[in-house]
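In case you want the letters, here they are:
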Amino acid sequence: MRFSLSREAFLKPLQQVVNVVERRQTLPVLSNLLVHVENGQLSLKGTDLEVELTARNSVDDGQDGEVTIPARKLFDIVRALPDGSKITLSHSGDKATIQAGKSRYTLATLPARDFPENDQLAIIERIRVPEAALKELIERTAFAMAQQDVRYYLNGLLFDLKGKTLRCVSTDGHRLALCETELNEGIDGRKQIIMPRKGVLELQRLLEDGEGDIELEVGNNHLRISRSDVTFSTKLIEGKFPDYEAVIPIGADKEVKVNRDLFRNALQRAAILSNEKFKGVKLDIHPGVLNIVAHNPEQEEAQEEIEIESVIDGISIGFNVNYLLEALSALREESVLIKLRDGNSSALVREASHERSRHVVMPLRL
């Protein structure tokens with residue numbers, strides 16, 4: 001096997017794939033990338049047996065063949081070479097040689113036959129989604145996923161497809177993030193799948209703001225996403241996601257309209273003096289005015305006052321300030337609405353003009 005290409009053309013697919021490879025592996029071959037050359041096309045594949053990613057690029061004077069090469073070492077070498085270098089990689093016996101100008105590196109390899117084959121995916125549904133729309137859905141919701149929760153189905157992102165509507169939903173039990181988009185083509189009925197946290201974060205890195213569509217292929221326990229230059233697949237979390245629609249407050253008739261940046265900046269300042277463990281802030285709402293108060297065990301206090309549009313009088317409610325800040329960061333419009341029922345119920349936070357993206361934050365007793 002042998003191929004040549006520029007440093008920049010080699011670095012992009014390497015960057016995409018190397019994140020999938022775990023640094024500590026029980027099987028030595030899982031620390032390697034499968035490097036495959038066929039008909040002038042280079043493919044690099046990495047996997048941790050849960051998530052698999054293949055990135056492709058065309059090469060010069062390629063000789064067909066395949067081998068596995070240590071992922072992190074190969075990436076670090078290519079990244080460290082000077083811009084504009086032309087790299088030639090060749091394989092002979094159990095060694096791979098990387099040459100660029102007067103630089104030469106020799107790496108130990110493992111046979112391609114040792115690299116795990118992924119299961120053939122039995123496709124149940126195929127859905128085409130605009131890439132930019134999918135990127136936005138994940139960006140607006142992924143932050144609310146749980147981390148290492150015993151309720152394993154919370155450690156991921158729900159893809160809820162109903163007709164022509166695709167929703168992404170995440171929750172850690174204390175807050176919930178939801179965003180939806182309309183598709184050109186839908187499915188009959190409804191399909192729900194849960195993508196694990198690592199798969200979500202890797203996919204988020206891959207997605208671009210392009211105008212094209214990408215294809216989602218859903219199997220019984222796998223999801224595969226294809227674009228011209230990459231193929232990404234992940235195992236799915238088996239389990240039933242909570243009935244998230246029941247969590248969205250109904251009858252929250254008390255509204256506060258506020259400038260998003262003004263509110264976020266005031267919260268960030270107040271958070272400096274909040275309790276480091278609970279991160280609590282109290283919102284005191286009066287007609288036209290919102291007071292934000294934070295305390296900590298050292299008897300220190302922060303007070304902020306901002307203008308709002310509201311006729312509510314005398315509601316006080318506490319929140320984890322980080323949950324509020326992350327919800328506000330996921331919204332894009334200048335004005336946001338906070339909808340409340342009373343001082344003990346969850347708040348619904350959304351953009352003022354539409355309900356496409358919604359965030360539910362549970363109150364905190366202070």
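For the structure itself, look to the data block above.
Worth saying up front: this structure is predicted, and the values here are computed from it rather than measured.

A few words on helix H2 (residues 71-80). Of the positions making up H2, those classed as buried are Ala71, Leu74, Phe75, Ile77 and Val78. All buried residues of H2 project into a common sector of 165 degrees when viewed along the axis, lining one side. Among the exposed residues of H2, those oriented more than 90 degrees off its buried face are Lys73 and Ala80. On its buried face, H2 sits against helix H1 (7-18), strand S2 (32-38), strand S6 (65-70), strand S7 (86-92), strand S8 (95-100) and strand S9 (103-108).

Now for the environment of Leu154. Secondary-structure assignment places Leu154 in the loop between helix H3 (131-141) and strand S11 (156-162). As for Leu154 and Thr47, which are separated by 107 residues in sequence, their C-alpha atoms are 23 Å apart.

Turning next to the packing of H1 against H2. Where H1 contacts H2, the axes come no closer than 10 Å and their chain directions differ by 145 degrees. For the crossing formed where H1 meets H2, the hand is left-handed. Contacts from Arg7, Phe10, Leu11, Leu14, Gln15 and Val18 in H1 reach Ala71, Arg72, Leu74, Phe75, Val78 and Arg79 in H2. For the contact of H1 with H2, the per-class residue count stands at eight nonpolar, one polar and three charged.

Now for the pattern of salt bridges. This structure, assessed with the given rule, holds 34 salt bridges. One salt bridge connects Lys135 with Glu139, and the closest N-O pair in it is separated by 2.9 Å. Note that Lys135 and Glu139 are positioned in helix H3 at a spacing of four residues, about one turn of the helix. For Lys135, a relative accessible area of 14% corresponds to the buried category. Between Asp172 and Arg175 there is a salt bridge, with the nearest N and O atoms lying 2.9 Å from each other. Each member of the pair Asp172 and Arg175 is classed as buried. Here the residues in one salt-bridge network are Lys12, Glu131, Glu208, Arg227 and Asp229, joined through shared partners.

Reading the values: rules and limits
Residues numbered from 1 in each chain as written. Predicted model: local features only at pLDDT ≥ 70, side-chain atom pairs only at ≥ 80, totals over all residues. Heavy atoms only, no water. Buried < 20%, exposed > 50% of the residue type's maximum accessible area, 1.4 Å probe, protein only. Helix = DSSP H or I, 4+ residues; strand = E, 2+ residues; numbered from the N terminus. Arc of directions from axis to C-beta. Contact = heavy atoms within 4.5 Å. Axes fitted to C-alpha atoms, helices over the stretch in contact; angles between N-to-C directions. Left-handed = near helix turned anticlockwise from the far one by under 90°. Nonpolar A, V, L, I, M, F, W, Y, C, P; charged D, E, K, R; others polar. Salt bridge = Lys/Arg side-chain N within 4 Å of Asp/Glu carboxyl O.

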